Amino acid sequence: MLEKRVNKMNEDLKSDAEVYNIVQNELERQKSELNMIPSENYCSKAVLEACGSVMNNKYAEGYPKKRYYQGNKFIDDVELIAIERAKQLFGAEHANVQPNSGSPANMAVYFALLEKGDKILGMNLSHGGHLTHGCPVNFSGKYYNFVEYGVDKETEMLDMDKIRKIAEEEKPKLIISGYTAYPRTIDFREFHNIAESVGAISMADISHIAGLIVGNAHPSPFPFTDVVTTTTHKTLRGPRSAIILCKEKYAKAIDKAVFPGLQGGPHEHTIAAKAVCFGEALKPEFKDYAQQIVKNAKALAETLMNNGIKLVSNGTDTHLLLIDLTNTKAVGKPGMGKDVAVALEEAGIITNANTIPFDPSTPFRPSGIRVGTPILTTRGMKEPEMKQVGEYMAKVINDYQNSELKSKINNEVKELCKNFAFY
Ligand SMILES: *Cc1c(COP(=O)(O)O)cnc(C)c1O
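Residues numbered from 1 in each chain as written. Predicted model: local features only at pLDDT ≥ 70, side-chain atom pairs only at ≥ 80, totals over all residues. Heavy atoms only, no water.

### Quick word on the domain arrangement of the chain
Then, in step 1: According to the domain assignment, the chain contains domain 1 (54–281) and domain 2 (290–418).
Then, in step 2: Using only C-alpha atoms to locate each centre, domain 1 and domain 2 end up separated by 29 Å.
Then, in step 3: The partner domain 2 presents 24 residues to the 25 residues of domain 1 that form the contact.
Then, in step 4: Across the domain 1 to domain 2 interface the summed buried area is about 2000 Å²; carbon plus sulfur atoms make up 57%.
Then, in step 5: Taken as a group, Glu-156, Pro-183 and Arg-184 account for 32% of the area that domain 1 buries against domain 2, more than any other trio of residues on that side.
Then, in step 6: Linking domain 1 with domain 2 are two salt bridges, by the criterion used here.
Then, in step 7: For the salt bridge of Glu-156 with Lys-310, the shortest nitrogen-to-oxygen distance reads 3.4 Å.
Then, in step 8: At the surface where domain 1 touches domain 2, the tally comes to 13 residue pairs in polar contact (both at pLDDT 80 or more).
Then, in step 9: Here the residues of the side of domain 1 that touches domain 2 are counted per class, giving nine nonpolar, eleven polar and five charged. (Domains from an automatic or database assignment. Contact = heavy atoms within 4.5 Å. Buried area = accessible area lost by both parts, 1.4 Å probe. Salt bridge = Lys/Arg side-chain N within 4 Å of Asp/Glu carboxyl O. Polar contact = N/O pair within 3.5 Å; in protein donor to acceptor, adjacent residues only side chain to side chain. Nonpolar A, V, L, I, M, F, W, Y, C, P; charged D, E, K, R; others polar.)

As structure tokens, then:
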């Protein structure tokens, strides 16, 4: 039934046979593989339909009731609903739903609140910070003066006392929390307290864990954090996009930075899809979903560790696990992330190579594998399936050159996937 609707939705695409075939192949791939990249999710068909709707066809530069073009009555209706739902979902004072994605959202925050060259304190990228948190080749690293904190070498977790010391020494204007590859709980309250005590603005980039936060599966940065950015396509399970939430006192500056500062016409079809996503996340079932993501990640972590796989920080509190291959006996050397990710792909398990804290190799040949449970949870898998998946993964990692094993597991993965269809 559900499957038919998506296929029907792609019917008109048959007019372009080449693209149609590619889209169908991708649909088949998403159905037949275990997609375990922690920043990905499968959004609902309602979200997909909003993305593919006629809202695509409208120019709406400006904000609701203050547009530069006529004909925006219904566009205003949908953007206002998206704003209201976003504020309600997170308990935020102000929401800007126009950023086209996570990176532009972060760019807008810096553009709104800082001057070129100002100092920002963020997480070391190889410990889990995002590109936009000061990578030297990114605009953030080029235009702002980033200083960094990392995780503790022993615990591989954040040490708030050390972060406070760095903040006191460096006196940054902005302090960023929120990461792309950190598996543990973030103490947003303490981050804000530190920022306040050194006269900095606190910013939480909750792109990865927004769904967990609204599902009460991770502590919230609201209402105290000054500015919060998040993508909407990760654990939040919406369209590929982002929003900025902030205290009322920063609202004007943020809105001005997004438009006309950085963007032109907002993508109103995606804003409609964000409204749908927030509506779904406001439902009580979403809390069960978010909590199951974490339960699944913990079950997966336990199975992997029981099978000789080393995890950074020896576990997880979230949707994400970071495998340390240098301390996994069967691999045991630096720079093997890509080789092992390719081996897992040959078995139908999609992950990504990632640096680990204090990685002895380079970012081009990282020593870790990043894994997450949002998609498998969306597909309805629970702890027993996680145990099975963990065993598949461990077998491949512990014998990553064994082609026969990989193809045998690939067949079993396909069978498992058939029982957990989503589209
Ligand atoms: C994914 C992510 C982003 C960027 O999102 P894009 O939509 O890919 O630009 C920013 N910050 C963090 C922490 C992220 O995880």
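Read on for the rest.
### Things to note about the pattern of salt bridges
Then, in step 1: According to the stated counting rule, one finds 22 salt bridges in the structure shown.
Then, in step 2: Across the pair Arg-67 and Glu-268 runs a salt bridge whose closest N-O atoms are separated by 3.6 Å. Note that Arg-67 is positioned in strand 3 (residues 66–67) and Glu-268 in helix 11 (residues 268–282), a separation of 201 residues in sequence.
Then, in step 3: Residue class for Arg-67 comes out buried when judged on its relative accessible area of 14%.
Then, in step 4: Linking Lys-173 and Asp-118 is a salt bridge whose minimum nitrogen-to-oxygen distance equals 3.3 Å. A residue pair is termed long-range when its members are at least 10 positions apart, and Lys-173 in the loop between helix 7 (160–170) and strand 7 (174–177) and Asp-118 in the loop between helix 5 (102–113) and strand 5 (119–123) qualify at 55 residues.
Then, in step 5: Overlapping salt bridges, with partners in common, bring together Arg-67, Asp-76, Glu-79 and Glu-268 in one network. (Helix = DSSP H or I, 4+ residues; strand = E, 2+ residues; numbered from the N terminus. Buried < 20%, exposed > 50% of the residue type's maximum accessible area, 1.4 Å probe, protein only.)

### A closer look at a nonpolar patch on the surface
Then, in step 1: Together, Tyr-59, Tyr-68 and Tyr-69 make up an exposed nonpolar region whose accessible area comes to about 380 Å².
Then, in step 2: Positionally, Tyr-59 belongs in the loop between helix 3 (45–51) and strand 2 (62–63).
Then, in step 3: A relative accessible area of 46% means that Tyr-59 is categorised as partly exposed. (Patch = residues over 30% accessible without salt bridge, like charges linked within 9 Å, V, L, I, M, F, W, Y side chains within 5 Å. Areas by Shrake-Rupley, 256 points an atom, 1.4 Å probe, with all protein chains shown as cover.)

### Details of the pairing of strand 8 (residues 201–205)
Then, in step 1: Among the five residues that make up strand 8, five are buried, leaving the element largely enclosed by the rest of the structure.
Then, in step 2: Here strand 8 shows a buried face lined by Ile-201, Met-203 and Asp-205 and a second buried face lined by Ser-202 and Ala-204.
Then, in step 3: As judged from the four bridges shared by strand 7 and strand 8, these two strands associate in the parallel manner. Of the residues in strand 8, the one forming a bridge with Leu-174 is Ile-201.
Then, in step 4: In this view, the connection linking strand 7 to its parallel neighbour strand 8 by way of helix 8 (residues 188–197) has right-handed handedness.
Then, in step 5: As paired strands, strand 8 and strand 9 (residues 227–231) are joined by three bridges and run parallel to one another. Pairing of Met-203 across the sheet is with Val-227, part of strand 9. (Pairing = 2+ DSSP bridges. Right-handed = clockwise from strand over helix to strand, strands pointing away.)

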